[in-house]
2 protein chains.
Amino acid sequence: MAEGLDQQTASIYAPIQPLLGQVEERLNNLSRTDAPYLGPLLDYVLAKGGKRIRPAVTLLAAGIYPGDSENPVIMASAVELLHLATLIHDDTVDNSDMRRGKATVTNLWGPHVAVLFGDYVFATAATFVCDTGNVRVIRRFSETIMDLASGELVEYFNAFDAQQARDVYHDRIYRKTASLFCTAAETGAVLGGAPEDHVQTLRDYAYKIGMAYQMVDDLLDIRGDSQALGKPVGNDLLQGVMTLPTIMLMERYPDDNPIGDLFKDREPDGKVNRALEMINNSTIVDDCYGVIRGYCNDARQALESLPDCESRRSLMVLADYIWERSH
Amino acid sequence: MAEGLDQQTASIYAPIQPLLGQVEERLNNLSRTDAPYLGPLLDYVLAKGGKRIRPAVTLLAAGIYPGDSENPVIMASAVELLHLATLIHDDTVDNSDMRRGKATVTNLWGPHVAVLFGDYVFATAATFVCDTGNVRVIRRFSETIMDLASGELVEYFNAFDAQQARDVYHDRIYRKTASLFCTAAETGAVLGGAPEDHVQTLRDYAYKIGMAYQMVDDLLDIRGDSQALGKPVGNDLLQGVMTLPTIMLMERYPDDNPIGDLFKDREPDGKVNRALEMINNSTIVDDCYGVIRGYCNDARQALESLPDCESRRSLMVLADYIWERSH
């Protein structure tokens, strides 16, 4: 499967490879030009590690249209910077030592530096967006930071509440994950010169892959192996975070599942594993696959009204990639 | 003296009282319209407590010119929100329980909420600035967040280094304090319709009162009574932060003062008090007053080239107010 995914990502990135190179260059230039103490911090977080999916969405959305690529490249850089800033703060508030095999900023420099440096990266991203000169895009960017922060806050305030309806979950994962995908696509489309109905179509596509992306993450937390995840299986339950599979478990066995007790006494002793077993021995996993597949199919379908071109084909493959990542 | 200061602030705020009321209204509206968990947090931090000096600078700078007041009011609200966001994060990284007699957000809700909520307030401020539709102003706003964050970072990285030249101190207090005063004035002037040379004059004025403002704070830390400060006298030294009076002490008695030892063993036992005594028994305090007086005089002088009006007179009185706060 890994090889299949590698081929897929290669085909997704093919039409924008040179532009993604410009994004990397823009990001790397930051650490060369800044205040002395910031250089090592910027170098550390900007070292290529992530998949750069979000900036790719911006560039591909713009790439459907004939507009100049300069503003989309600036915007894609800002989108990635914003993503990095949220990771810095999320790891800090979660006390996470590692992310994808690499020590976190809060682990190496401490929370004091991580909070302030995260602020610095947020603001740097905002200055990038200002370079586009497009107020609509700048506003959307700021609103997205509000979404991301309020999504994480709601997750925190809702933790250890076993009674969560699906719409609460949907709203939360929209804010904390899909919102940035939407903004990545919308801003790329606007800056690429898309007509307004196409902007909305691309935003809709991105909403769907963003929701699917988070649902895949949530499902992997239940099914994945802890080494690949870099955290224990069932970590969400341990942290009191309800996700689609555990909400389904509550829906099906409202009075006969270990989640209520787990959240009450917060003593995992076997309860997390029992919940995971119940999920794996039911049709819940298949049903989650069904929901994710639905989002990815809808995402592909949304694109069909757009002009056929290499960028559109890449966005289609990206929807497949997100679906296949769940397996 | 307090009564004198009260009269001064009344005369400073007189020409913009209705507009400051609109700023308060705009801020208070935030907590009514937002996601459920954010309401109480917003209510708490927006409850009138601060002096609202920074938004007053924005409104007074704009008030010199005949432009519409709507955008300056929006901008003034954003400036105050930005200030509040930085306080939320500063208190979090400093583990401060109290600020001006009120429990901090990190104290009441914990650092997890404080970090994310601070992000939310930063972003909300940015959406306000977007409402002005002025990209220059939006960019300056983002750059100011970079200044504020990097100023706090530099303070952290420079802590417990006794060998700090005055220009390092100046750069640091510009970033962490004067930068936002500059932006408050510059954006007010731009949105009020000031000609470019007046914008620069008002920025220059604000730079000077901003530097003086921080120097007064730093001097009060040495001389004030701990109750009025809400923290122990000599707190900066205890935290390893060099300020103008302690830099002067190092300049005058490079080999014969307790700061080097204090920063090496970080055991206050009498060393902080000895340093404070040496400062108080020398001309250092008078010399600091001289520097502050100079900044405030220069600030007043800068304004003389601007059209005489009630707003300009208020800005003059504000410079006096900052000077007199030091006594």
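Residues numbered from 1 in each chain as written. Chains lettered and ligands numbered in written order. Predicted model: local features only at pLDDT ≥ 70, side-chain atom pairs only at ≥ 80, totals over all residues.

**Remarks on the overall build of chain A**
Looking only at helices and strands, chain A features 17 helices and two strands. Against the compact-globule benchmark of 20 Å for 327 residues, chain A has a radius of gyration of 20 Å, which places it among compact chains. Its C-alpha atoms give chain A principal-axis dimensions of roughly 60 × 50 × 35 Å. A sequence separation of at least 24 residues applies to 73% of the contacts in chain A between residues at least 6 apart. (Helix = DSSP H or I, 4+ residues; strand = E, 2+ residues; numbered from the N terminus. Rg over C-alpha atoms; globule rule 2.2 N^0.38 Å. Contact = placed C-beta atoms within 7 Å.)

**Here's the deal with the nonpolar core**
It is characteristic of soluble globular proteins that their nonpolar side chains tend to be buried jointly. Counting residues in each nonpolar core, the largest one holds 218 residues, and the members touching the most others are Phe181, Ile209 and Ala212 of chain A together with Phe181, Ile209 and Ala212 of chain B. With residues up to four places along the chain from it excluded, the contact list for Ile209 of chain B reads Phe181, Cys296, Ala299, Leu318, Ala319 and Ile322 of chain B. (Core = buried A, V, L, I, M, F, W, Y, C linked by C-beta atoms within 7 Å. Buried ≥ 20, exposed ≤ 12 C-beta atoms within 10 Å, placed from the backbone.)

**Brief notes about the packing of helix H10 (residues 196-223) of chain A against helix H17 (residues 310-325) of chain A**
Residue and element names in this part refer to chain A. The contact between H10 and H17 brings their axes to 9 Å, and the two run at 20 degrees. Taken together, the axis directions place H10 and H17 in an arrangement best described as roughly parallel. Where H10 crosses over H17, the handedness of that crossing is left-handed. Contact with H10, carried on its side by Tyr205, Ile209, Ala212, Tyr213 and Val216, involves Leu315, Leu318, Ala319, Ile322, Trp323 and Arg325 of H17 and no other residues of that element. (Axes fitted to C-alpha atoms, helices over the stretch in contact; angles between N-to-C directions. Parallel < 35°, antiparallel > 145°, perpendicular 65-115°, else oblique. Left-handed = near helix turned anticlockwise from the far one by under 90°.)

**Overview of the interface of chain B and chain A**
Taken together, the contacts link 34 residues of chain B with 34 residues of chain A. Of all the secondary structure elements, the ones that give two or more residues to the side of chain B that touches chain A are helix H5 (70-93), helix H7 (111-131) and helix H8 (135-158) of chain B. Ranked by the residues each element gives to the side of chain B that touches chain A, the list is headed by H8 of chain B, at 14 residues. Class assignment for the residues of the side of chain B that touches chain A results in 22 nonpolar, eight polar and four charged. (Nonpolar A, V, L, I, M, F, W, Y, C, P; charged D, E, K, R; others polar.)

**Things to note about the relation of the copies chain B and chain A**
Each of the two copies of the chain can be brought onto the other by a rotation about an axis and a shift along it. With an RMSD of 0.0 Å, chain B superimposes on chain A once it is rotated by 180 degrees and translated 0.0 Å along the axis. Within this description, the copies of the chain are treated as partners about a two-fold rotation axis. (Least-squares fit on C-alpha atoms with pLDDT ≥ 70 in both.)

**Here's the deal with helix H17 (residues 310-325) of chain B**
If you check H17 of chain B, its first and last C-alpha atoms are 22 Å apart, about what 16 residues at 1.5 Å a residue would give, namely 22 Å. Taken as a whole, H17 of chain B has its buried residues at Ser311, Arg312, Ser314, Leu315, Val317, Leu318, Ala319, Tyr321, Ile322 and Trp323 of chain B. (Expected span 1.5 Å × (residues − 1).)

**Quick notes on the environment of Ile292 of chain A**
Residues and elements named next belong to chain A. Inspection of the secondary structure puts Ile292 in helix H16 (residues 284-303). By C-beta crowding, Ile292 is classed as buried, having 23 other C-beta atoms within 10 Å. Along the sequence, Ile292 and Val137 sit 155 residues apart, while their C-alpha atoms lie 29 Å from each other. For Ile292, the residues in contact, after removing those within four places along its chain, are Ala212, Met215, Val216, Trp323 and Ser326.

**Points about the environment of Arg52 of chain B**
Residues and elements named next belong to chain B. As for its placement among the helices and strands, Arg52 is situated in the loop between helix H3 (38-46) and helix H4 (53-63). Residue Arg52 is classed as buried on the basis of its 21 C-beta neighbours within 10 Å. Sequence spacing of Arg52 and Asp308 is 256 residues, and the spatial spacing of their C-alpha atoms is 24 Å. Residue contacts for Arg52: discarding those within four places in its chain leaves Leu20 and Glu80.

**Quick word on the packing of helix H7 (residues 111-131) of chain A against H8 of chain B**
Where H7 of chain A contacts H8 of chain B, the axes come no closer than 8 Å and their chain directions differ by 160 degrees. Considering the angle they form, H7 of chain A stands roughly antiparallel to H8 of chain B. Crossing geometry of H7 of chain A relative to H8 of chain B is assigned as left-handed. Facing His112, Val113, Leu116, Phe117, Asp119, Tyr120, Ala123, Thr124, Ala126, Thr127 and Cys130 of chain A of H7 of chain A, the residues of H8 of chain B in contact are Val135, Ile138, Arg139, Ser142, Glu143, Ile145, Met146, Ala149, Ser150, Glu152, Leu153 and Tyr156 of chain B.

**Focus on unusual backbone geometry**
In this structure, Arg100 of chain A is a non-glycine residue whose phi angle is positive, near 45 degrees. Relative to the elements of secondary structure, Arg100 of chain A occurs in the loop between strand E1 (98-99) and strand E2 (102-103). For Phe160 of chain B, which is not glycine, the phi dihedral falls at a positive 65 degrees. Residue classification places Phe160 of chain B among the partly exposed positions, given that 13 C-beta atoms sit within 10 Å.

**With respect to helix H16 (residues 284-303) of chain B**
All names here are of chain B. In this model H16 runs 29 Å from its N-terminal to its C-terminal C-alpha over 20 residues, within 8% of the 28 Å that 1.5 Å per residue would give. Residues of H16 that are buried include every one of Ile284, Cys288, Ile292, Tyr295, Cys296, Ala299, Ala302 and Leu303, and no others. Taken end-on, H16 shows its buried residues confined to a sector of 120 degrees, consistent with a single buried face. Residues of H16 that are exposed and point over 90 degrees away from its buried face: Asp286 and Gly290. Check the buried side of H16 and you find it contacts helix H10 (196-223), helix H13 (244-252), helix H15 (271-280) and H17. (Arc of directions from axis to C-beta.)

**Structural notes on the confidence of the model for chain A**
Predicted coordinates in regions of low pLDDT should not be interpreted in detail. Residues and elements named next belong to chain A. Overall, the predicted model of chain A reaches an average pLDDT of 93, with 96% of residues at or above 70. Of all the helices and strands in chain A, helix H11 (residues 226-229) carries the lowest mean pLDDT, 61, while helix H4 (residues 53-63) carries the highest, 98. Model confidence for the complex is summarised by a pTM of 0.95, with the ipTM given as 0.95. (pLDDT = per-residue confidence, 0-100.)

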